[in-house]
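# Secondary and tertiary structure notes
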Amino acid sequence: MKLFVSGRSAWVSIAITLAGALLFALLPAFLSPYGVRVGQLFVLAAGLAVAWTVLGGFSGYWSFGNAAFVGTGAFVAALIELALPGWSPAGAFTVALLAAMLLNGLLALVIAWPILRLRGIYFAIAMLGVSQVCYELVSNIDALRGALGVNLIDIVPKDVRPERFYYWALLLAATAIILIAICVRHSKLGYGLLAIREDEDTARMLGVPTAPYKISAFVISAMLTAMMGVIYAHNLGYITANSVFRNEFNLNVIVYSLLGGMGTIIGPIVGAGVMTYVTQVLLGDLLDIHMFITGLLLAILVLAAPNGLYGIYDTYRLRLKRQKREAGR
Amino acid sequence: MSADVILAVRGVSKSFRGLKAVRDVSFEVPRGAICSLIGPNGAGKSTFFNLVTGYFRPDSGTILFEGRDIAGASPVDVAHLGVARAFQIAKPFPGMSVTENVRIGALFGRAGPRDVEAVTQSAMQLAGLAELHDREARELTVGQLRRLEVARALAARPSLLLADEPCAGLNPTETAEMVAILRRARDAGATVVLVEHDMPAVMEISDTVLVLEAGALIAQGAPQAIARDPRVIAAYLGTEE
Ligand SMILES: Nc1ncnc2c1ncn2[C@@H]1O[C@H](COP(=O)(O)OP(=O)(O)O)[C@@H](O)[C@H]1O
Ligand SMILES: [Mg+2]
């Protein structure tokens with residue numbers, strides 16, 4: 001079985017990703033601790049947004065409820081660590097991370113069967129409901145400690161600055177997510193998802209096994225989102241239901257794709273970068289009106305470039321191609 | 001059923017809320033033939049294709065494809081058995097290039113994973129799309145879109161191709177091109193069932209012609225015989241010319 005359908009572009013994307021990750025790994029040497037924390041926000045946002053894209057961007061099934069997997073991931077990890085008191089931090093963290101990813105994969109598998117039959121906006125709303133239900137359960141069942149809060153173990157090595165450690169940990173996770181997204185995109189699964197996004201009925205008639213493909217993408221997306229959630233929770237150190245089941249996680253991942261380019265992998269990364277820069281650096285001092293200005297900017301950008309920044313580039317690329325063709329005649 | 005019948009339809013009916021779109025239709029398509037399905041608008045031709053491809057389940061009757069009853073089977077399963085369809089309203093994936101569109105046909109069709117590229121290339125060649133390989137589907141003209149639709153269907157290596165009005169909206173040159181493409185598809189091993197309004201094209205290309213009117217099969221036979229059939233002239237040709 002060939003891994004990639006379109007091998008060359010897959011390997012090019014992988015090489016660019018690795019080079020980019022390496023570059024970003026060197027950044028803390030040149031940044032203030034505050035700069036590194038902004039960097040953390042960016043890689044967290046990019047990782048979550050690309051994890052969302054594996055289902056939402058590729059297949060067109062927009063989930064409005066990915067906070068469910070961030071939060072459930074965080075709490076599964078926290079509760080497992082609580083249950084492993086004598087363990088070394090590295091050992092407990094590894095078990096907690098794997099368990100959180102597995103459980104979120106299972107959760108996605110269980111809810112996929114009923115809700116992935118819904119199309120378009122109905123699926124989006126159903127996922128919003130799922131994230132709300134997960135939040136309520138974790139908040140209201142005492143044993144899950146969502147209201148009270150729970151501490152996560154300290155996994156930062158002694159001689160590393162915590163903000164740097166978490167920057168690198170989040171970067172590593174985001175890089176893994178991007179690489180997995182590239183593999184999905186260029187595999188048979190990815191082509192099937194794109195066909196589903198373009199026209200699901202036509203895809204079925206071409207022989208795309210739509211149900212198993214959508215479920216696979218959903219499970220992968222949930223597991224990757226949970227991985228990000230677990231690391232984020234450790235970065236916080238102490239979590240409540242309110243701090244991890246955040247509506248921002250539901251919405252921002254979509255905003256990043258809209259801004260950068262829906263359905264692409266580079267789009268959500270660029271979108272996360274632009275939004276983080278605008279909100280944290282440009283408007284960092286204007287806390288009172290920063291939500292207002294962010295909203296305004298977003299509205300303008302979406303109106304001016306409905307297909308995101310990638311859409312602008314794509315239009316330009318098509319025009320160039322056409323000009324070259326006409327010149328060649 | 002003899003072995004050289006690829007599709008045998010027996011007593012198939014389908015209604016929509018009391019409207020009988022297809023009523024008690026029976027016929028056979030010999031393997032390797034080009035068979036045209038004609039009839040006025042609303043006669044039930046597209047509905048019939050929807051029944052064969054599993055998009056609708058017939059209310060009654062059997063649809064035997066290579067001896068297997070596929071009535072009510074899922075579109076995915078029907079596709080994997082070797083039935084491909086080119087839609088009346090061309091539905092290529094607009095955001096993808098010509099090659100990517102055709103490749104999806106090949107990937108999910110019956111070519112082995114190692115043959116996907118070769119099959120993609122040969123389907124594009126057959127449909128005269130080789131020069132347009134890196135165009136985006138949204139850049140194509142109507143005629144090119146129809147050829148893309150047929151190429152994507154053929155890339156699945158189907159044994160039965162259902163082509164729904166592939167010449168609609170084409171000029172005479174493009175129509176002639178499409179007729180040649182369908183011939184080449186048949187010569188490459190596919191049986192073709194064609195819905196078409198362009199009578200000269202139908203007469204030229206078909207081995208047999210089936211005539212539907214208001215959901216019922218009113219005549220079938222060789223093209224010359226159909227052209228002389230008074231019922232057909234009354235129901236269809238007469239109203240058209
Ligand atoms: N999905 C549907 N729901 C309701 N009525 C339909 C549907 N599809 C087709 N019909 C009706 O069935 C009849 C046959 O339509 P169709 O098969 O598209 O005709 P043709 O392709 O021969 O022009 C028409 O009266 C049409 O309105
Ligand atoms: Mg029709």
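Residues numbered from 1 in each chain as written. Chains lettered and ligands numbered in written order. Predicted model: local features only at pLDDT ≥ 70, side-chain atom pairs only at ≥ 80, totals over all residues. Heavy atoms only, no water.

Glancing now at the pattern of salt bridges. In the structure shown here, the tally under the stated rule is 23 salt bridges over all chains. A salt bridge links Arg-325 of chain A to Glu-139 of chain B; its shortest N-O distance comes to 3.5 Å. Taken together, the residues Arg-325 of chain A in helix H14 (residues 308–328) and Glu-139 of chain B in the loop between helix H4 (116–126) and helix H5 (142–155) connect one chain to another. What makes Arg-325 of chain A partly exposed here is its relative accessible area of 22%. Two residues, Asp-187 of chain B and Arg-186 of chain B, come together in a salt bridge whose shortest N-O distance is 3.3 Å. Each of the salt bridges in this network shares a partner with another, and the network as a whole consists of Arg-119, Glu-200, Asp-201 and Lys-214 of chain A. (Salt bridge = Lys/Arg side-chain N within 4 Å of Asp/Glu carboxyl O. Helix = DSSP H or I, 4+ residues; strand = E, 2+ residues; numbered from the N terminus. Buried < 20%, exposed > 50% of the residue type's maximum accessible area, 1.4 Å probe, protein only.)

Turning our eyes to something else, we now look at the interface of chain A and chain B. Between chain A and chain B, the contact holds 28 residues from the first and 28 residues from the second. Buried surface at the junction of chain A and chain B, both sides included, amounts to about 2,600 Å², of which 63% is carbon and sulfur. On the chain A side of the interface with chain B, the three residues burying the most area are Tyr-191, Met-205 and Leu-206 of chain A, jointly 28% of the side's total. Taken together, chain A and chain B are joined by five salt bridges. Linking Arg-138 of chain B and Asp-314 of chain A is a salt bridge whose minimum nitrogen-to-oxygen distance equals 3.0 Å. For the side of chain A that touches chain B, the secondary structure elements donating two or more residues are helix H7 (188–198), helix H8 (200–205) and H14 of chain A. When grouped by side-chain class, the residues that make up the side of chain A that touches chain B number 11 nonpolar, four polar and 13 charged. (Contact = heavy atoms within 4.5 Å. Buried area = accessible area lost by both parts, 1.4 Å probe. Nonpolar A, V, L, I, M, F, W, Y, C, P; charged D, E, K, R; others polar.)

Moving on to the pairing of strand S9 (residues 208–213) of chain B. In the case of a regular strand, side chains alternate between the two sheet surfaces. All names here are of chain B. Inspection of the sheet shows strand S3 (residues 34–38) paired to S9 by four bridges, in the parallel sense. Counterpart to Ile-38 in the pairing with S9 is Val-211. Hairpin connection of S9 to strand S10 (residues 216–221): two residues between the antiparallel strands, including Ala-214 at a positive phi of 45°. (Pairing = 2+ DSSP bridges.)

Attention now goes to the coordination of the magnesium ion (ligand 2). All names here are of chain B. Around the magnesium ion (ligand 2), the protein contributes the donor atoms Ser-46 (OG) and Gln-88 (OE1), at 2.1 to 2.3 Å from the metal centre. Residue Ser-46 is found in helix H1 (residues 45–52), and its partner Gln-88 is found in the loop between strand S6 (83–86) and helix H3 (98–107); the two are separated by 42 residues along the sequence. Exposure remark for Gln-88: the relative accessible area of 27% places this residue in the partly exposed category. (Donors = N, O, S within 2.8 Å, 3.2 Å for Na, K, Ca; no water.)

Here we come to the packing of aromatic side chains. One pass over the structure, following the stated rule, counts 16 aromatic pairs over all chains. Ring centres of Phe-4 of chain A and Trp-11 of chain A lie 5.3 Å apart, and the angle between their planes is 80°; this geometry places the pair in the edge-to-face category. Ring centres of Tyr-213 of chain A and Phe-108 of chain B lie 5.8 Å apart, and the angle between their planes is 65°; this geometry places the pair in the edge-to-face category. Taken together, the residues Tyr-213 of chain A in helix H9 (residues 210–236) and Phe-108 of chain B in the loop between H3 and H4 connect one chain to another. By relative accessible area, Tyr-213 of chain A is classed as buried at 13%. In textbook terms, an aromatic cluster arises when at least three aromatic residues are bridged by ring pairs, as seen for Tyr-61, Phe-69, Phe-123 and Phe-218 of chain A. Positioned above the aromatic ring of Tyr-191 of chain A, the side-chain terminus of Arg-185 of chain A is 5.6 Å from the ring centre. (Phe/Tyr/Trp six-rings, centres within 6.5 Å; stacked < 30°, edge-to-face > 60°. Lys NZ or Arg CZ within 6 Å of the ring centre and 35° of its normal.)

With that settled, consider the sheet that holds S9 of chain B. Two strands in a sheet stick together by hydrogen bonds in their backbones, pointing the same way (parallel) or opposite ways (antiparallel). Residue and element names in this part refer to chain B. The strand order across the open sheet formed by six strands is S6-S7-S8-S3-S9-S10, and the pairing between neighbours is mixed. The outermost strands of the open sheet, each flanked by one partner alone, are S6 and S10. Taken over all neighbouring pairs, the strand axes of this sheet differ in orientation by 20° on average, direction set aside. Strands in contact with H1 are S3, S6, strand S7 (160–164), strand S8 (191–195) and S9; relative to S7, the strand with the most contacts, it is inclined by about 150°. Docked against the sheet, H5 engages S6 and S7, running at close to 175° with respect to S6. (Axes fitted to C-alpha atoms, helices over the stretch in contact; angles between N-to-C directions.)

It is worth spelling out the sheet that holds strand S4 (residues 60–65) of chain B at this point. All names here are of chain B. Strand order across the open sheet formed by four strands is S2-S1-S4-S5, with antiparallel pairing between neighbours. Looking at which strands have only one partner, the edges of the open sheet turn out to be strand S2 (19–30) and strand S5 (68–69). Summarising the sheet, strand S1 (residues 5–16) and S2 pair through eight bridges and their orientation is antiparallel. Its bridge partner lying in S2, Ser-15 is registered against Lys-20. Against the sheet, H1 makes contact with S1, S2 and S4, and its axis sits at roughly 115° relative to S1, the strand it touches most.

Residues and elements named next belong to chain B. Chain-level pLDDT for chain B is 91 on average; 96% of the residues reach the 70-or-more range. For chain B, the element scoring lowest by mean pLDDT is helix H9 (residues 230–240), at 68; S4 scores highest, at 97. Across the interface, the model reports ipTM at 0.87; the global pTM reads 0.90. (pLDDT = per-residue confidence, 0-100.)

Bringing helix H13 (residues 290–304) of chain A into the picture now. Residues and elements named next belong to chain A. Look at H13: 21 Å from first C-alpha to last across 15 residues, which is about the 21 Å you get at 1.5 Å a residue. Here H13 has its buried residues at His-290, Thr-294 and Leu-298. Viewed along the axis of H13, the buried residues span an arc of 70°, placing them on a single side of the element. Along H13, the residues that are exposed and aim more than 90 degrees away from the buried face are Phe-292, Leu-303 and Ala-304. (Expected span 1.5 Å × (residues − 1). Arc of directions from axis to C-beta.)

A separate point is the site of ligand 1. Residue and element names in this part refer to chain B. Taken together, Phe-16, Leu-19, Ala-21, Pro-40, Asn-41, Gly-42, Ala-43, Gly-44, Lys-45, Ser-46, Thr-47 and Phe-56 make up all the residues around ligand 1. Take Gly-42: an N or O atom from its main chain is 2.8 Å from an oxygen atom of ligand 1. Measuring from an oxygen atom of ligand 1, one finds a backbone N or O atom of Ala-43 at 3.2 Å. Protein chains shield 61% of the accessible area of ligand 1, which is 560 Å² for the free molecule. For the shell around ligand 1, the secondary structure elements donating two or more residues are S2 and H1. With three residues, the top contributor of residues to the shell around ligand 1 is H1. Looking at the shell around ligand 1, its residues break down into six nonpolar, five polar and one charged. (Near = heavy atom within 4 Å. Polar contact = N/O pair within 3.5 Å; in protein donor to acceptor, adjacent residues only side chain to side chain. Areas by Shrake-Rupley, 256 points an atom, 1.4 Å probe, with all protein chains shown as cover.)

This part covers the pairing of S1 of chain B. Residue and element names in this part refer to chain B. Counting buried positions along S1 gives nine out of 12 residues, so the element sits mostly inside the fold. Taking the residues between adjacent antiparallel strands as the criterion, S1 and S2 are bridged by two residues, where Arg-17 takes a positive phi near 45°. Bridge analysis of S1 against S4 gives five bridges, and the strand direction is antiparallel. Across the sheet, Leu-7 pairs through a bridge with Phe-65, a residue of S4.

Glancing now at the nonpolar core. Core analysis: the biggest nonpolar cluster contains 138 residues, and Phe-218 and Ile-239 of chain A have the highest contact counts within it. For this core, the element with the most residues is helix H2 (residues 33–59) of chain A, which contributes 14 residues. Shared between two domains, this core holds at least three residues of each, these being domain 1 (1–82 + 158–165 + 190–241) and domain 2 (84–156) of chain B. Beyond its immediate chain neighbours, meaning those up to four positions away, Phe-218 of chain A contacts Leu-55, Phe-69, Ala-108, Ile-111, Ala-112, Ile-115, Leu-116, Phe-123 and Met-127 of chain A. Core analysis: the second largest hydrophobic core is formed by 26 residues, Leu-37, Ile-70, Val-78 and Leu-210 of chain B among them. (Core = buried A, V, L, I, M, F, W, Y, C linked by side-chain atoms within 4.5 Å. Domains from an automatic or database assignment.)

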